[in-house]
Amino acid sequence: MLSNEIFSTYQAILIEELQPAMGCTEPIAIAYAAALMRDALGDIPTEVEISLSGNIIKNVKSVIVPATGGMHGIEAAVAAGIISGRFDKKLELLSVLGEDERISLRSYLKKTPIVISELKSSCTFDLLIRGRCGKNTACVQISGYHTNIVLAERNGESIIDRYVEKEAQKNSTKNAINRSLLSVEKIIEFADNTPLDELRPYLLRQIKMNMDIAEEGLRNPYGASIGQLLLGDGNVSVKDKARAYAAAGSDARMSGCEFPVCILSESGNQGITASVPVIVYARETGRSEEELLRALIVADLITVHQKTGIGCLSAYCGAISAGVGAGAGICYLEGGKFHEIAHTLVNAVAILSGTICDGAKPSCAAKIAMAVEAGFMGWEMAKSGREFFGGDGIVTKGVENTIRNVGQLARDGMMETDREIIRIMLEK
């Protein structure tokens, strides 16, 4: 029987994680910081300097910033945030931009110097933005995750209380919720037994947002149109349809689609990958709303559980963790219990662990398709009694031990890989 602490913690994790965002979350976080800086300054800055950790640079370089008319890159994200100014909307702040604002944005970029540098930081998600207008200056820093304000100053004086409540400042990390309480066995028990009343609105929002962008990606050409390629004439298996819809959501999102998504582990691609295959599978096989919602709880929390040891940004492709989560959710829909879901997870992890993250870009859609395929293969192996055993590579005895190994690989083992990826990308 789960304790009240487990129930409340798992519920809090889901509510915190399942938040809306428009566009790739790294450029949107830059825009959010820029909007905060404009407000702190009290005017539109005439000079801007921004320093970013390498992983943010990696994830902003190649994606289109939504609502900008096809612009991409750090300068576009900074300018879009300044022109929007709507820091109160957080990761949806660019939704207010219309054609008049896009004209202003282009004009602002032409006349305003924006100096960019790499921020040497021990934190993989760290950005510092400074602005000047006349004699006034302002500075904002976001660190740890996409909306975590750790510094806000005007003319050298702290004004962080304007944006962050004092109690929140003390606990300005996602570790304020004890994620060490997550385990595969307890996640399944939670999904089986938790009342859905409080979580239902968040899960239904996840379904609507992420299916809307998936369907948009199938209707129109975005990026390399991986989803359309996989769907073909529509005469495909439920597995291929699940892969196609997930990939199509990323096709649209990486190419500037203005539809919001429900993120997971601070990532829209991971939010799409963990949820859309489960939704498609449930609908295609005639499952009830309750069955779908409980399966999404499994997929979401298992994705978060894996990412907790990996960290927000790394050289390890987060879509893999989410594809594994989707496989676990589908296994749950099919009646899988702890044994089957644990083997699905371990099998899927063994197939694609180590896939690199070389930034947000259109090819993420293809990686998502492969991640969902690994999730399905892990489940198909488990239901037929096939499995990878401890000692097979990074797989070890016990699902929690294998998850820890993945975290160690991604967080520590791939650190130099991450640096080399960033060096290669910045040289081009």
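Residues numbered from 1 in each chain as written. Predicted model: local features only at pLDDT ≥ 70, side-chain atom pairs only at ≥ 80, totals over all residues. Heavy atoms only, no water.

Turning our attention to the pattern of salt bridges. Inspection of the entire model under this criterion finds 24 salt bridges. Here E284 ties to K241 by a salt bridge, and the two come within 2.8 Å at their closest N and O atoms. Residue E284 is found in helix α11 (residues 268–284), and its partner K241 is found in helix α10 (residues 238–254); the two are separated by 43 residues along the sequence. R411 is the salt-bridge partner of D412, the closest N and O atoms lying 3.3 Å from each other. The class of D412 is partly exposed, set by a relative accessible area of 40%. Using a relative accessible area of 40% as the deciding quantity, one classes R411 as partly exposed. Taken together, the salt bridges that share partners define one network made up of K239, D240, R243 and E373. (Salt bridge = Lys/Arg side-chain N within 4 Å of Asp/Glu carboxyl O. Helix = DSSP H or I, 4+ residues; strand = E, 2+ residues; numbered from the N terminus. Buried < 20%, exposed > 50% of the residue type's maximum accessible area, 1.4 Å probe, protein only.)

Right, let's get into the layout of surface pockets. Approximately 980 Å³ is the volume attributed to the largest pocket. Lining the largest pocket are 42 residues, and of these C123, T124, F125, C312 and L313 sit closest to its centre. Looking at the lining of the largest pocket, the elements that each hand over two or more residues are α3 (54–60), α12 (289–310), α16 (399–413) and α17 (415–427). In terms of residue class, the lining of the largest pocket is made up of 14 nonpolar, 17 polar and 11 charged. (1 Å grid on protein atoms, 1.4 Å probe; cavity = no way out; pocket = protein on both sides within 12 Å on 5 of 7 lines; lining within 4 Å. Points joined across faces, edges and corners; volume = space filled by probe spheres on them. Nonpolar A, V, L, I, M, F, W, Y, C, P; charged D, E, K, R; others polar.)

The geometry of helix α7 (residues 184–193) relative to helix α14 (residues 338–352) is characterised by a closest axis approach of 10 Å and an angle of 125° between their N-to-C directions. Compared by their axis directions, α7 and α14 come out oblique. Of the two elements, α7 crosses α14, and the hand of that crossing is right-handed. Residues V184, E185 and I188 of α7 touch α14, and the partners they reach there are F338, I341 and L345. Of the residues in the contact of α7 with α14, the class split is five nonpolar, no polar and one charged. (Axes fitted to C-alpha atoms, helices over the stretch in contact; angles between N-to-C directions. Parallel < 35°, antiparallel > 145°, perpendicular 65-115°, else oblique. Left-handed = near helix turned anticlockwise from the far one by under 90°. Contact = heavy atoms within 4.5 Å.)

With that settled, consider the nonpolar core. Buried together is how nonpolar side chains tend to be arranged in soluble globular proteins. Among the nonpolar cores identified, the biggest contains 141 residues, and I30, V78 and L94 are the most heavily contacted of them. Look past the residues within four positions of I30 in its chain and what remains in contact with it is I50, L52, I56, V60, I74, A77, V78 and L127. Counting five residues, the second largest nonpolar core, distinct from the first, contains C24, V63, M254 and C364. (Core = buried A, V, L, I, M, F, W, Y, C linked by side-chain atoms within 4.5 Å.)

Overall, the coordinates contain six aromatic pairs when judged by the stated rule. Taken together, a centroid distance of 5.6 Å and an interplanar angle of 50° make the contact between F7 and F190 tilted. Of the two residues, F7 sits in helix α1 (residues 4–17) while F190 sits in helix α7, which places them 183 residues apart along the sequence. The class for F190 is buried, based on a relative accessible area of 0%. An angle of 85° between the planes, with centres 5.9 Å apart, marks the rings of Y281 and W379 as edge-to-face. Highlighted residues: Y281 in helix α11 and W379 in helix α15 (residues 364–383), separated in sequence by 98 residues. You can call Y281 buried: its relative accessible area is 7%. Among the aromatic residues, those joined into a ring-pair cluster are F7, Y10 and F190. (Phe/Tyr/Trp six-rings, centres within 6.5 Å; stacked < 30°, edge-to-face > 60°.)

The next point concerns the sheet that holds strand β7 (residues 157–158). Paired through their backbone hydrogen bonds, the strands of a sheet run either parallel or antiparallel. On the basis of which strands lie adjacent, the open sheet formed by six strands has the order β3-β2-β4-β5-β6-β7 and mixed pairing. The sheet terminates laterally at β3 (114–118) and β7, the two strands that pair on one side only. Where strand β2 (residues 47–52) and β3 come together, five bridges link them in parallel fashion. Along β3, the bridge assignment pairs V48 with I114. The strands touched by helix α4 (residues 74–84) within the sheet are β2, β3 and β4 (126–133), with β2 carrying the most contacts at an inclination of about 125°. (Pairing = 2+ DSSP bridges.)

With 17 residues, α11 ought to run about 24 Å at 1.5 Å a step, and its terminal C-alpha atoms sit 24 Å apart, in line with that. Along α11, the largest kink reaches about 25° and is centred on S275; proline P277 follows within four residues of it. Counted residue by residue, α11 has 15 buried out of 17 residues, so it is predominantly covered. The residue sitting at the N-terminus of α11 and contributing the capping side-chain oxygen is S267; that oxygen lies 3.3 Å from the backbone nitrogen of N269. Looking one or two residues beyond α11, the residue adopting positive phi is G286, at roughly 70°. (Expected span 1.5 Å × (residues − 1). Bend = angle between axes of the 7 residues up to and from the residue. Polar contact = N/O pair within 3.5 Å; in protein donor to acceptor, adjacent residues only side chain to side chain.)

A word on the pairing of β2. Judged from the six bridges that link them, β2 and β4 form a sheet pairing that is antiparallel. Bridged to E47 within β4 is R132.

Attention now moves to the environment of M370. Here M370 shows up in helix α15. The exposure class of M370 is partly exposed, given its relative accessible area of 43%. Counting along the chain gives 127 residues from M370 to R243, while the straight-line C-alpha distance between them is 7.9 Å. Residues contacting M370, with those up to four places away along its chain left out, are R243 and L352.

Here the focus is the side chain of S183. Along the polypeptide, S183 turns up in the loop between α6 (166–170) and α7. By relative accessible area, S183 is classed as buried at 14%. A distance of 3.2 Å separates a polar side-chain atom of S183 from the backbone nitrogen of K186. Among residues more than four places away in sequence, those in contact with S183 are Y10, H305 and E400.

Further remarks concern empty space enclosed by the protein. Over the atoms, a rolling probe the size of a water molecule traces out where space has been left empty. Applying the stated rule across the entire model yields one cavity of 30 Å³ or more. Empty space within the largest cavity amounts to approximately 310 Å³. For the lining of the largest cavity, the secondary-structure elements that each account for two or more residues are α2 (25–41), α10, α11, α13 (318–333) and α15.

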